[in-house]
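# Structure assessment
Chain by chain, the residues:
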Amino acid sequence: MLITFLKGCNRFVFVSPFKSCAPKNIMQVFTQRRNPITGSTEWDVQHEDYDYHQEIARSAFADMLHDSERNKKYYRALQLAIEKMHSDGKKANVLDIGTGTGLLSIMAAKCGADSIIACEAFKPMAECCLKILERNGVSDKITVIPKRSTDIIVGEDGDMKEKANILVTEVFDTELIGEGALSTFSHAHKYLLEEDCIVVPDSAIIYAQVVECPMLRKWNKLNDLADEDLNIILKTPQKLKDCAGSAAVHDIQLSQLPRQAFRELSEQIPVFYYDWSGKIPIDFKRTVKQEFKVIGTGKAQMVFMWWELNMDTEGKIVLSCAPWWSHPDADLSSERPQDSIPWRDHWMQAVYYLPQEISVVNDTEVTLISCQDDYSLWFYLEDGKTKYKNYKRPVCECGVHMILSRTHVSYLNDGTRSKKFLSQLKEELVKDAIVLDLNGSSFMGLASAKLGAKHVYIVENMNLNIGILNDYIKENNLDNVTIVSDLSDEILKEVTNITCDPNFSTAVLPWENLKVAYLLYKYKSKLQETVSIIPEGCEFWAMPVEFQDLHKIRIPLDVCEGIDMTVFDSLVESSRLISDAEIEAQPLWEYPCKCRGSPRKLLEIDLQHLTPTFATDGTNPILDIEVDDVQSVNGFVLWSCWKIGGKSISCGPTEWPTVGDRVNWDPHTRQAVKILKKSHNVSSADTWSYQVACDLEKGQFNVTIDLVHDS
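Residues numbered from 1 in each chain as written. Predicted model: local features only at pLDDT ≥ 70, side-chain atom pairs only at ≥ 80, totals over all residues. Heavy atoms only, no water.

Going by the annotation in an unreviewed UniProt entry, the name recorded for the chain is Protein arginine N-methyltransferase, with Parnassius apollo given as the source organism. According to UniProt, the comment filed for the chain under the heading Sequence similarities (unreviewed entry) is "Belongs to the class I-like SAM-binding methyltransferase superfamily. Protein arginine N-methyltransferase family. PRMT7 subfamily." (UniProt positions renumbered as here; feature names shortened; annotations may be inferred.)

Put into structure tokens, the structure is as follows:
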């Protein structure tokens, strides 16, 4: 066996010569990963082209190509551009930058373009594109160049014989310019396009809206920790309160935000205009100040942002990414206007948190400062009292925005959950309690110190988390807390109470929070038999659902605008089988779905009585009773519930789901999702099966879940 270490990568490569393993010599790779349950680094054996397949699987073309409105508006704008060139007596020479599957190039061919150059730097996708062109009978009309557009040379001996007079491209993200759109357009106009060219899209506008939104503020700033009587248990350090935060975009499905959760303090404000046509030079860095009249009294906490594309030169074809309340096509009279606008996940809306909150009064004037560099945006707000010396990109100085995900910050701010935890802590803390907190990315150990524990040990080895804990210790004058990276037998023997908020900053999937069970099992032989443990246990639940839109990120395209995309479907599916787990984490409060079968408990773990392994399996009917309507299932959702004081705290539905109704999901955690390859109409004869295996000695958790469709 030959083994090689790849420099610059956490990978080993080995070649297996054994014919019993494969029909020929196979090179495989060890990939390094961190086990979120044990915290240790492990090596996995992967397919030799693991990175290649992972990049294909994560390329995210699929949900974009499911965006029918986008496709149709690009198609129509291309048609108008080609017709315009022909009506002017010119050939229509099209350049498609970042062609991907070749969809836009094929559209151009169907619209009668005279020549088409399609460039795609990602070589696996360029090869896929060639096959798609051949499948659709247009390979003789389109030339694919496997290069970045900035590497293309125009000339007799170059990649392009002449400059193009029509550019079509889709190099946008939620932030509009985050994928390098400014440099792409600027270079194309300088080197690849004729002066009187037509660009699809022709231009773009970024809109901003200043709002107060206490719900989303929980995703950005840590609040004081209060009990059920609203007594402050832990004060947030001033350092954290004063931190300007991070300018990193918070992309989000704003249309799913409850309308009562925010207050509009401004109208939508057009802050940046981009002329992609080349008539106006592109600014790579700019700051724009705009005075506006406040339309409501409140705290200006953040800016909602979205953009729109003017697809044609006359501005008749507009593609808007606005949330429903500002969307030109929204049916405001419908019960759920958010369902009346096109859904897309590749372009969402964005939230930018202002460096400092400002109280504003209705009908007064304040100034919005919008800043842009090559790839990103950020915002400031000024009034008569608040002025800034400069408008530099905000940088986190407190550590919270660097180490904690926005979802984890919101979890720590979830007062409903923390109040229940604090109440149980008060009840169980004994006199002269020695408390062990197994989660240093939460504050329940610090709360124990404040509530009267004699001493508290907090297990944490990440420097940024330790820095945050020390800031809290200093702010709250705690002298009975010790942070340790590992536990000695002496400490374990004196512990009377164990607390562990079951949401680790390193966890993504629900079962990764079983780190608490792993640690308890690891240390249980050294602990007193009478030790108190919070939480007492956990359960894992699952149910079949029908996603309204989320399934589009995974289901095959088949045919897109009359164009055969099955070659792409096969490529992505084969790559996903190699590189992706079939169950992924999603914040389901952003993605509506309906319950299509009663929730079922898959596994229950008693943290007071742990065994080395747990395993269950079972088969459940999808429908318990006959229903009149056709029930469609396109996925499953799994979540955890934690028991505290005999009561269950759900990290899934906020209320018990009713079959056929929409599910309300906990916004402060992510749920586990399995998306089926297609939707299935189900009956009472259909079932779903599951298998769960948990090994606490190794820190492993495996779950499979499948629809058993009665054919």
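## Regarding the overall build of the chain
Along its length, the chain carries 16 helices and 38 strands. Taken over C-alpha atoms, the radius of gyration comes to 28 Å for the chain, in line with the 27 Å a tight globule of 711 residues would show. Seen through its C-alpha atoms, the chain measures out along the principal axes to roughly 90 × 75 × 60 Å. Residue pairs in contact within the chain that sit at least 24 positions apart in sequence constitute 76% of those at least 6 positions apart. Carbon and sulfur atoms make up 47% of the accessible area of the chain, which amounts to about 31,200 Å² in all. (Helix = DSSP H or I, 4+ residues; strand = E, 2+ residues; numbered from the N terminus. Rg over C-alpha atoms; globule rule 2.2 N^0.38 Å. Contact = heavy atoms within 4.5 Å. Areas by Shrake-Rupley, 256 points an atom, 1.4 Å probe, with all protein chains shown as cover.)

## Topic: the nonpolar core
Formed by 95 residues in total, the largest nonpolar core has its most connected members in F172, L176, Y274, W276, L309 and L368. In contact with F172, not counting residues within four places along its chain, are Y74, E179, A181, F185, P201, W276, W307, L309 and W347. Counting residues in each nonpolar core, the second largest holds 58 residues, with V531, I533, L696 and V703 among its members. (Core = buried A, V, L, I, M, F, W, Y, C linked by side-chain atoms within 4.5 Å. Buried < 20%, exposed > 50% of the residue type's maximum accessible area, 1.4 Å probe, protein only.)

## Let's talk about the sheet that holds strand β5 (residues 93–97)
Reading across from one edge, β7-β6-β5-β8-β9 is the order of the five strands in this open sheet, with parallel pairing throughout. What marks the edges here is a single partner per strand, and that holds for β7 (142–145) and β9 (193–200). Strand after strand, the sheet turns through a mean of 25 degrees between neighbouring axes, direction not considered. Where strand β6 (residues 115–119) and β7 come together, four bridges link them in parallel fashion. Within β7, the position partnered with C119 by the bridge is I145. (Pairing = 2+ DSSP bridges. Axes fitted to C-alpha atoms, helices over the stretch in contact; angles between N-to-C directions.)

## A closer look at helix α4 (residues 103–110)
With seven of its eight residues buried, α4 lies for the most part within the structure. Taken from the residues just after α4, G112 is the one with a positive phi, measuring 95 degrees.

## Here's the deal with the pairing of strand β38 (residues 700–708)
The side chains of a regular strand alternate between the sheet's two faces. The alternating pattern of β38 places F701, V703, I705 and L707 on a buried face and Q700, N702, T704, D706 and V708 on a face that is not buried. Pairing of strand β37 (residues 687–695) with β38 involves nine bridges; the strand directions are antiparallel. Opposite S689, over in β38, you have D706 as the bridge partner. Here β37 hands over to β38 after four residues, with G699 in that stretch at a positive phi of 70 degrees.

## Regarding the packing of aromatic side chains
In this structure the tally under the stated criterion is 24 aromatic pairs. Centroid distance Y380 to Y388: 4.7 Å. Interplanar angle 65 degrees. Geometry classified as edge-to-face. For Y380, a relative accessible area of 6% puts it in the buried group. An angle of 45 degrees between the planes, with centres 6.1 Å apart, marks the rings of W688 and Y690 as tilted. Y690 shares its class with W688; the two are buried. In this structure, R259 is placed above the aromatic ring of W325, and the distance from its NZ or CZ to the ring centre is 5.9 Å. The ring of Y274 has R286 sitting right over it, with the charged end atom 4.8 Å from the ring centre. (Phe/Tyr/Trp six-rings, centres within 6.5 Å; stacked < 30°, edge-to-face > 60°. Lys NZ or Arg CZ within 6 Å of the ring centre and 35° of its normal.)

## A few points about the sheet that holds strand β26 (residues 532–534)
Each strand in a sheet pairs with its neighbour through backbone hydrogen bonds, running either in the same direction (parallel) or in the opposite one (antiparallel). Read across the open sheet, the five strands follow the order β24-β23-β22-β25-β26; overall the sheet is parallel. Sheet topology places β24 (481–484) and β26 at the edges, where each strand pairs with a single neighbour. Taking the axes of each pair of neighbouring strands and ignoring which way they run, one obtains an average angle of 20 degrees across the sheet. Note that strand β23 (residues 455–459) and β24 share four bridges and pair parallel. If you follow V456 over to β24, its bridge partner there is V481. The strands touched by helix α13 (residues 463–475) within the sheet are β23 and β24, with β24 carrying the most contacts at an inclination of about 175 degrees.

## Observations concerning the UniProt feature "domain: Protein arginine N-methyltransferase" (unreviewed entry) in the chain
Under the feature "domain: Protein arginine N-methyltransferase" (unreviewed entry), the UniProt entry names residues 202–379. From the first C-alpha to the last, residues 202–379 spans 26 Å; its make-up is 5% helix and 42% strand.

## What about the pattern of salt bridges?
According to the stated counting rule, one finds 32 salt bridges in the structure shown. Of the charged contacts in the structure, one is a salt bridge between R263 and E212, with a shortest N-O distance of 2.5 Å. With R263 in strand β14 (residues 263–264) and E212 in strand β10 (residues 203–212), this pair connects stretches of sequence that are 51 residues apart. Residue R263 is classed as partly exposed on the basis of its relative accessible area of 41%. (Salt bridge = Lys/Arg side-chain N within 4 Å of Asp/Glu carboxyl O.)

## So, the side chain of S505
Structurally, the position occupied by S505 is in the loop between β25 (497–499) and α15 (515–523). Residue class for S505 comes out buried when judged on its relative accessible area of 19%. What S505 contacts, discounting residues up to four positions off in sequence, is L404, H408, S441 and N465.

## A few points about unusual backbone geometry
The amide bond that connects V200 to the next residue, P201, takes the cis arrangement and shows omega of 5 degrees. With respect to the helices and strands, the residue P201 is situated in the loop between β9 and β10. Phi angles above zero are rare outside glycine, and D558 is one such case at about 65 degrees. Checked against the element boundaries, D558 lands in the loop between β27 (537–547) and β28 (559–560).

## Some points on the packing of helix α3 (residues 68–87) against α4
One can describe the packing of α3 onto α4 by two numbers: an axis separation of 9 Å at closest approach and a directional angle of 40 degrees. Of the possible angle classes, the one that applies to α3 and α4 is oblique. Note that α3 runs across α4; the crossing there is right-handed. Of α4, the residues touching α3 (which contributes R70, N71, Y74, Y75, L78 and I82) are L103, L104, M107, A108 and K110. Broken down by class, the residue content of the contact of α3 with α4 amounts to eight nonpolar, one polar and two charged. (Parallel < 35°, antiparallel > 145°, perpendicular 65-115°, else oblique. Left-handed = near helix turned anticlockwise from the far one by under 90°. Nonpolar A, V, L, I, M, F, W, Y, C, P; charged D, E, K, R; others polar.)

## Observations regarding the confidence of the model for the chain
With 92% of its residues at a pLDDT of 70 or more, the chain has an overall mean of 92. Confidence drops under a pLDDT of 50 for residues 1–24, and excluding neighbours within four residues, the segment shows 44 contacts in the predicted structure. (pLDDT = per-residue confidence, 0-100.)

## Points about the environment of K161
The residue K161 is located in the loop between β7 and β8 (164–169) in this model. When the C-alpha positions of K161 and D617 are compared, they lie 63 Å apart, and in sequence the two are 456 residues distant. What K161 contacts, discounting residues up to four positions off in sequence, is V154, G155 and E156. Looking at K161, its side chain comes within polar contact range of the main-chain oxygen of E156, at 2.7 Å. (Polar contact = N/O pair within 3.5 Å; in protein donor to acceptor, adjacent residues only side chain to side chain.)

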